[in-house]
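Coordinate inspection notes
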Amino acid sequence: ELEPFGTLTEFSSGIDPASEPFEIAKGADGNLWFTEFLGNRVARITPAGVATEFSAGITAESGPFGIAAGPDGNLWFTELTGNRIGRMTPTGEVTEFSSGITAGSFPGGIAKGPDGNVWFTEFLGNRIGRITPAGVVTEFSTGITAGSNPRAIVAGPDGNLWFTELSGNRIGRITPAGVVTEFSTGITAGSQPFAIAAGPEGNLWFTEVAGNRIGRITRTGEVKQFATGISPGSAPRGIAAGPDGNIWFAEFLGGRVGRITPTGKVTEFLSGIAPESGPFGIAAGPDGNLWLTQTSAGHVARFTLGPETSLPSVTKVTPAFGPASGGTTVKITGARLSGATAIKFGAAKAASFTVVSATSMTAVAPAGSGVVDVTVTTASGTSATTTGDRFSYAPTVKKVTPSSGSELGGTTVTIAGANLTGATEVSFGGNPATKVTVKTATSISAVSPPGEEGPVDVTVTTPGGTSAVTSVDQFTYVALPTVTDVSPNAGSKAGGTSVTVTGTGFAVGTTATSFLFGTTKATSVKCLSTTECTLVAPAHAVGAVDVKATVNKITSLAEPLADLYTYS
């Protein structure tokens, strides 16, 4: 499908026309940065199109090639022929690193890793390199088939690095520890995987420069190739995740920009791109547009999506949370919502939905858990995920064990429920618990705070809200039993003395209340009321001990003089 839509703006001012702009990346400073292979420079271009070239500190004939934003706020780039890695600050100050890089390696692709380091390919060295922000290099070759020519590299959604093997016709994966796995099944021979990018849906996408295809590889290594919709001889080069939830790529010989949806539908865009300008690198900019280098023309271009190419977007959901059981009616605000064919809360379809206008619709949330993105699908595709489209399923408390404890607090309670992950607070009747530990999404432990005698509701708060109050979330504070008098208050060390204990909070009967003389349990306990019990003192060594009552596992505090019993 060939579309003439989208607005292309080319920028040449400030860029040497013979410089051969190659790779391009979004910097941490809100600008775009690109390498100039023949110009031997790294350049910066603002979202408004103002370009500045930097050459100071870059050794002559180094061939700057790949570029990426680093974990330290700087730009990192490879010097293909210089056999070095360069670091450039946002103000253009360059530091070059060569120590640890084997001679003749030809560093090519480069990417920020998930481990706080920068990773790069060695095209001729047939290795993957890692460089710390301080410039310490480690090379990895084990597991990479000889003659594979690793070219591009990107951080994957699985915490690993993924790279293309141009000559090896494979996709490689390397862990932060340097363990390599190669994947070739499903890649047509002679395809020459070139560039690679992480997709918004959790897969990796790559261009096949000789195969004239786009490939998709899952985190488990399953490959699918897409050729339909790509004009013959286009030679796709750079690839990047776009601001619209799709994958975009540059067609070097075709003189076009291509878009492929997560399901594999391709659309090509002309938009005033000169056929021989050589679109090469591509990146999503900080301004919501796509930016590409035009190597043959010596330009950098900004590609703004027009209304005809725009997908639906979701900017706000109200309310932003609801129960795990679903059923919440949610208002969705966004753009281009007319003609919606599906609404999803994460992977689950909405129970029902109604389009109110192009900017507003309602949907009934399905059952779910955690924090999910609300996406809208129309004939144009599916909305990209944003922070504004998130819906959180509120936690639910289903059981509290034990269901009672001392009014002094200190009872360790296990709370069973749903959507408990990320809990920020557990409350007993409005009072925060201590030592809250989220064990799983369905279990939390917490220590009860002090509270007044009687039942309270135990609630859990997460980013999705606070659990609703129900009859199964209750915890009952029990008043401590007290011992106010022991009569007689003395007896033989052999035990056997009949004793009457007066106090409060006793449980009527012969089994619900127990008494300790020191650490020894009394026998023949019989409580005639909540304030008086009779019992038989146990044997004990000579001396005075506290008599303590225990009801429902709650024991009275020592009461000097009032609860003393003396053995003789």
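Cut-offs applied
Here the residue index of a chain counts from 1 through its sequence in written order. Owing to the predicted nature of the model, reporting of local features is limited to residues with pLDDT of at least 70; listing and counting of side-chain atom pairs is limited to 80 or more, with chain, interface and lining totals taken over all residues. Derived side-chain values reflect all non-hydrogen atoms in the structure, with water molecules and hydrogen atoms excluded from consideration. Strands here mean DSSP runs of E at least two residues long; helices mean DSSP runs of H or I at least four residues long; both are numbered from the N terminus. Pairing of aromatic rings covers Phe, Tyr and the six-membered ring of Trp, with a centre-to-centre limit of 6.5 Å; geometry is then stacked below 30 degrees between planes, edge-to-face above 60, and tilted otherwise. Pairing between two strands requires that DSSP report at least two bridges joining them. Here, axes are lines fitted to C-alpha atoms. For helices the fit covers the stretch in contact, and angles between N-to-C directions go from 0 to 180 degrees. Any Lys or Arg side-chain nitrogen found within 4 Å of a carboxyl oxygen on Asp or Glu counts as a salt bridge. Working definition: with a 1.4 Å probe on protein chains only, accessible area under 20% of the residue-type maximum means buried, over 50% means exposed, and in between means partly exposed.

1. Remarks on unusual backbone geometry
Cis geometry is found at the peptide bond from Thr318 to Pro319, where omega equals -5°. Mapped onto the secondary structure, Pro319 falls in the loop between strand E30 (313-318) and strand E31 (321-323). Following Thr401, the chain continues to Pro402 via a peptide bond in cis, the omega torsion being -5°. One can find Pro402 in the loop between strand E40 (396-401) and strand E41 (404-406). Although it is not a glycine, Ala235 adopts a positive phi angle of roughly 50°.

2. What to know about the packing of aromatic side chains
Both the distance between ring centres and the angle between the ring planes are used here to describe each pair of aromatic rings. Applying the stated criterion to the full structure yields 22 aromatic pairs. Seen in terms of ring centroids, Phe22 and Phe37 are 5.1 Å apart; in terms of plane orientation they differ by 25°. Their pairing is stacked. Taken together, the residues span a long stretch of sequence, with Phe22 in strand E3 (residues 21-26) and Phe37 in the loop between strand E4 (32-36) and strand E5 (41-45) at a distance of 15 residues. Through a chain of ring-to-ring contacts, the aromatic side chains of Phe22, Phe37, Phe65, Phe194, Phe252 and Phe280 assemble into a single cluster.

3. Thoughts on the sheet that holds strand E29 (residues 299-304)
Strand order in the open sheet made by the four strands is E2-E29-E28-E27, with antiparallel pairing throughout. Of all the strands in the sheet, just strand E2 (7-11) and strand E27 (279-284) have a single pairing partner and so form its edges. With strand direction ignored, the average angle separating the axes of adjacent strands in the sheet is 25°. Here five bridges tie E2 to E29, and the two strands are oriented antiparallel to one another. When the bridges of E29 are listed, Thr9 appears paired with Arg302.

4. Observations regarding the pattern of salt bridges
Inspection of the entire model under this criterion finds 14 salt bridges. Residue Arg170 is joined to Glu165 by a salt bridge in which the shortest nitrogen-to-oxygen separation is 2.7 Å. Relative accessible area serves as the criterion here: at 0%, Glu165 is assigned to the buried category. Arg256 serves as the salt-bridge partner of Glu268, at 3.5 Å between the closest nitrogen and oxygen. Of this pair, Glu268 sits in strand E26 (residues 266-269) while Arg256 sits in strand E25 (residues 256-260), and the two are 12 residues apart along the sequence. By the burial criterion, Glu268 is buried, and Arg256 matches it. Counted as one network, the salt bridges with shared partners bring together Asp16, Glu36, Arg41 and Glu53.

5. Considering the side chain of Ser445
Tracing the backbone shows Ser445 in strand E46 (residues 443-447). Its relative accessible area of 12% is what places Ser445 among the buried residues.

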